[in-house]
Amino acid sequence: MIIRNLLFISPLLFALSWSEELKVISDNFKGDQQKGVSVFTGNVKVTKGRDELNATKVTIYTDKENKPTKYFAEGDVSFYIVTELGEKYKGKSQTAIYLPVESEYQFYKKVDLIRIDDYRRVKGDKVVVNTVQGHASAESANDEPVVMTFTLEDKKTKPKSTAK
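Draft legend 1. Seen up close, the environment of G124. Looking at where G124 falls in the secondary structure, it is placed in strand β8 (residues 120-130). On the basis of relative accessibility, which here comes to 9%, the residue G124 falls in the buried class. For G124 and E139, which are 15 residues apart along the polypeptide, the C-alpha to C-alpha distance reads 5.9 Å. For G124, the residues in contact, after removing those within four places along its chain, are K110, V111, E139 and S140.

Quick look at the structure:
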């Protein structure tokens, strides 16, 4: 059965959101409340507050109190996140994991992450961003380098605009 514009699945998903509404839109949904697993496939869009995650498939794992323990996104992942420090990131990868207890995003495979505020860009195979502490790290596989790009301001030129 195809489910379009899936806004309300069960009290389970809204219990996940703590103080902000969690909204999931997808083409299909399968859930097992006993196991604490909800699987969304096809044009999946997850929003919570100002954060947004898009993917081909998103699996949300919950504990016995219906609180999320892990979000696992795969297939053409794109995202926009705002940290508690107000830093804004956007990017893409093939796989993403969000661990809500740690407030940590982990991005894997062909990661292209941009910090919008100052246009710092990192490309690698694993990038981790902690949204509370503002820590980030990057790794690469197969002896490929991690590439980080900074936008530097010259006193004689105007700063590069990052607005789109």
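Back to the text.
Draft legend 2. Structural context of the packing of aromatic side chains. Counted under the stated rule, the structure contains five aromatic pairs. Measuring from centroid to centroid gives 5.6 Å for Y71 and Y98, while their planes differ by 45°, and the two rings are tilted. Within this pair, whereas Y71 is found in strand β5 (residues 68-82), its partner Y98 is found in strand β6 (residues 88-99), the two being separated by 27 residues in sequence. Judged by relative accessible area, Y98 falls into the buried class, the value being 18%. Aromatic side chains F79 and F107 sit 3.9 Å apart centroid to centroid with 15° between the ring planes, which places their arrangement in the stacked category. Here F79 is found in strand β5, whereas its partner F107 is found in strand β7 (residues 104-115), with 28 residues between them in sequence. Take F79 and F107: they sit in the same class, and that class is buried. An aromatic cluster of at least three residues, connected via ring pairs, comprises Y71, F79, Y98, Y105 and F107. It is K70 that lies over the ring of Y61; its NZ or CZ is 5.4 Å from the centre.

Draft legend 3. Highlighting the pairing of strand β2 (residues 28-32). Two elements, β2 and strand β3 (residues 37-48), share five bridges in a ladder whose sense is antiparallel. Bridging across to β3, F29 finds its partner in F40. The antiparallel pairing of β2 with β3 creates a hairpin that spans four residues between the two strands, and G36 there sits at a positive phi of about 70°.

Rules and cut-offs
- Residues numbered from 1 in each chain as written.
- Predicted model: local features only at pLDDT ≥ 70, side-chain atom pairs only at ≥ 80, totals over all residues.
- Heavy atoms only, no water.
- Helix = DSSP H or I, 4+ residues; strand = E, 2+ residues; numbered from the N terminus.
- Buried < 20%, exposed > 50% of the residue type's maximum accessible area, 1.4 Å probe, protein only.
- Contact = heavy atoms within 4.5 Å.
- Phe/Tyr/Trp six-rings, centres within 6.5 Å; stacked < 30°, edge-to-face > 60°.
- Lys NZ or Arg CZ within 6 Å of the ring centre and 35° of its normal.
- Pairing = 2+ DSSP bridges.

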